[in-house]
Amino acid sequence: MEYAGKRRKLILEKVKAQLREDEDRLFLEGIDCDNWNGTFDMLNTRYWDNSLQKIPVLLTSQKKSLGLYFHNKRIELATNKSLVGIQMLGVLLHEMCHHSVEQRFRHGRKNDRRGRVIGHGKEWKAEMRRVGYDGKITRYTGQERFIGRIV
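Only a predicted model underlies this, so the values are computations on that prediction, with no experimental measurement involved.

(A) Highlighting the sheet that holds strand E3 (residues 74-78). A sheet is described by the order of its strands in space; here 3 strands give the open sequence E1-E3-E2, paired in mixed fashion. Across the chains shown, the open sheet's two edge strands, defined by having one partner strand only, are strand E1 (57-60) and strand E2 (67-70). Direction aside, the axes of adjacent strands within the sheet are offset by 20 degrees on average. Looking at chain direction, E2 and E3 are connected through 4 bridges and run antiparallel. Along E3, the bridge assignment pairs Tyr69 with Ile75.

Now the structure itself:
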């Protein structure tokens, strides 16, 4: 009996993953990687029902990071890291998760576990999972979100 239940669960997980990939494929067809502010709007609609405050997305040269979120002011995506559009889309989504957590919890404020809301903390990781990141999530997770989901 246990084996049948585990098998059903695995099949259900595979079906859900396939549905997510199909949704991603359709979504990606509408993305314009030359208009990152428009892409912000599309991601905001898809994952946050347009509830995120609009902030500008800028393309800049970065020394270390692929992208940066400046608390409720702007998002910067690195143009000097040899990323293709689909990878930059994942980085933008990573930074938008920071924006969402900032908007909901405020950075540095006490959370419900007597800790503090930090940049790559539990609240941010939960948001990353909610928007579809799988596996281990670290501060470097981002660029791979949509890789493998294009035709």
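That was the structure; now back to the text.
(B) Examining the pairing of E2 more closely. Burial along E2 is one-sided: Gly67 and Tyr69 are buried, and none of Leu68 and Phe70, which face the opposite way, are. Following E2, the chain reverses through 3 residues before pairing antiparallel with E3; Asn72 in that reversal takes a positive phi of roughly 55 degrees.

(C) View of the pattern of salt bridges. In total, this model carries 4 salt bridges according to the counting rule given. For Arg74, the salt bridge identified is with Glu76, shortest N-O distance 2.8 Å. Note on Arg74: relative accessible area 26%, which makes it partly exposed. Taking relative accessible area as the criterion, Glu76 reaches 11% and is therefore assigned buried. Across the pair Arg130 and Glu127 runs a salt bridge whose closest N-O atoms are separated by 2.9 Å. With Arg130 and Glu127 both in helix H4 (residues 122-130) and 3 residues apart, this pair spans about one turn of that helix. Here Arg130 falls in the partly exposed class, since its relative accessible area comes to 43%. Each of the salt bridges in this network shares a partner with another, and the network as a whole consists of Arg104, Glu127 and Arg130.

(D) Here's a closer look at the nonpolar core. Core analysis: the biggest nonpolar cluster contains 29 residues, and Trp48, Ile75, Leu77, Leu92 and Met96 have the highest contact counts within it. Those elements that place two or more of their residues in this core are helix H2 (36-48), E3, helix H3 (85-105) and H4. The element contributing the most residues to this core is H3, with 9 residues. Not counting the four nearest positions on each side in its chain, Met96 is found in contact with Phe40, Leu43, Asn44, Trp48, Leu52 and Ile75.

Conventions we followed
Residues numbered from 1 in each chain as written. Predicted model: local features only at pLDDT ≥ 70, side-chain atom pairs only at ≥ 80, totals over all residues. Heavy atoms only, no water. Pairing = 2+ DSSP bridges. Helix = DSSP H or I, 4+ residues; strand = E, 2+ residues; numbered from the N terminus. Axes fitted to C-alpha atoms, helices over the stretch in contact; angles between N-to-C directions. Buried < 20%, exposed > 50% of the residue type's maximum accessible area, 1.4 Å probe, protein only. Salt bridge = Lys/Arg side-chain N within 4 Å of Asp/Glu carboxyl O. Core = buried A, V, L, I, M, F, W, Y, C linked by side-chain atoms within 4.5 Å. Contact = heavy atoms within 4.5 Å.

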